[in-house]
Amino acid sequence: MRISTGVEELDKMLHGGLIPGRAYLVKGGPGSGKTTLTIHFLVEGAKKGEKVLYVSLEEPVDILKEDMKKLGFNIDVPNFVAIDATPVKQKRSIFEAEHFEEFAKDFKRLVDAIVNRLKGEKYTRIVIDPITMLRLTIRDELEYRRMFIGFLKEVARYDATLVLTSEFYNTDIEDYLVSGVIELREVEEGGKTLRGIKIVKFRGSAFDESLRPYKITDEGIKVYHKESIFRGSDE
């Protein structure tokens, strides 16, 4: 059984969608559409009546809601839980009776808070955007690896599908430990910047290994799964 990413053409590249209950990483530079892709994923679950969880470590949730509304996504619904964990002192966002923004500075506290949520409520889809912020809280690479593996194991116990986002330059450890990696790239051709999406890892399944063009439109992300990025991205 597969679950949809919310982007039909990407599901086709994945030969049917994601394998549920696993962890995936979406990598890309600023403005590449990482957050938009994760919102596609969560909204798809919310539409099916699933309870989904979005944890923002960078962009305030209020701004996210405004931006997503412009793309036609209404995430202000009861089964879409959005947690603002951005480290801004003026906020009063509360999670489990604590100021959640403090968790952005402490990976262990964030992991414990999410696990406590999973114990109390059934979330089928979880997004942490971006994991880069947590990587910065632990300087020792072996310690981070240990904690990250522990986190993945804890989430797996509750059958939730986890999607993380990160910048290209900060994901060496995560690449090895997650079940799948999707990259959102920018390619220069003929003086133009083209956007390309590539699945570089997908354990347990065959997948389309080609770099395919995509666009960020007024309705979110559009993938051209039958085209080559070097032939343009128009239908």
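This text goes with the structure placed above it.
What counts, and at which threshold
- Residues numbered from 1 in each chain as written.
- Predicted model: local features only at pLDDT ≥ 70, side-chain atom pairs only at ≥ 80, totals over all residues.
- Heavy atoms only, no water.
- 1 Å grid on protein atoms, 1.4 Å probe; cavity = no way out; pocket = protein on both sides within 12 Å on 5 of 7 lines; lining within 4 Å.
- Points joined across faces, edges and corners; volume = space filled by probe spheres on them.
- Helix = DSSP H or I, 4+ residues; strand = E, 2+ residues; numbered from the N terminus.
- Nonpolar A, V, L, I, M, F, W, Y, C, P; charged D, E, K, R; others polar.
- Salt bridge = Lys/Arg side-chain N within 4 Å of Asp/Glu carboxyl O.
- Buried < 20%, exposed > 50% of the residue type's maximum accessible area, 1.4 Å probe, protein only.

A word on empty space enclosed by the protein. Applying the stated criterion across every chain yields a total of one cavity of 30 Å³ or more. Empty space within the largest cavity amounts to approximately 70 Å³. Considering the residues around the largest cavity, the lining is formed by T5, L10, L18, Y24, V26, L37, T38, F41, V163 and I182. Looking at the lining of the largest cavity element by element, the count peaks at three residues for helix α2 (residues 34–47). Here the residues of the lining of the largest cavity sort into eight nonpolar, two polar and no charged.

Enumeration over the complete set of coordinates arrives at 14 salt bridges. For K27, the salt bridge is made with D175, and the minimal N-O distance between the two is 3.0 Å. Remark: D175 occurs in helix α7 (residues 172–177) and K27 occurs in strand β1 (residues 23–28); sequence separation between them is 148 residues. Residue K27 shares its accessibility class with D175, and that shared class is buried. Notably, a salt bridge pairs R125 with E50, separated by 3.0 Å at the nearest N-O pair. With R125 in strand β6 (residues 125–129) and E50 in the loop between α2 and β2 (52–56), the pair connects residues that are 75 residues apart, well separated along the chain. This pair shows no difference in class: R125 is buried, exactly as E50 is. Taken together, the salt bridges that share partners define one network made up of K27, D175, E183 and R185.

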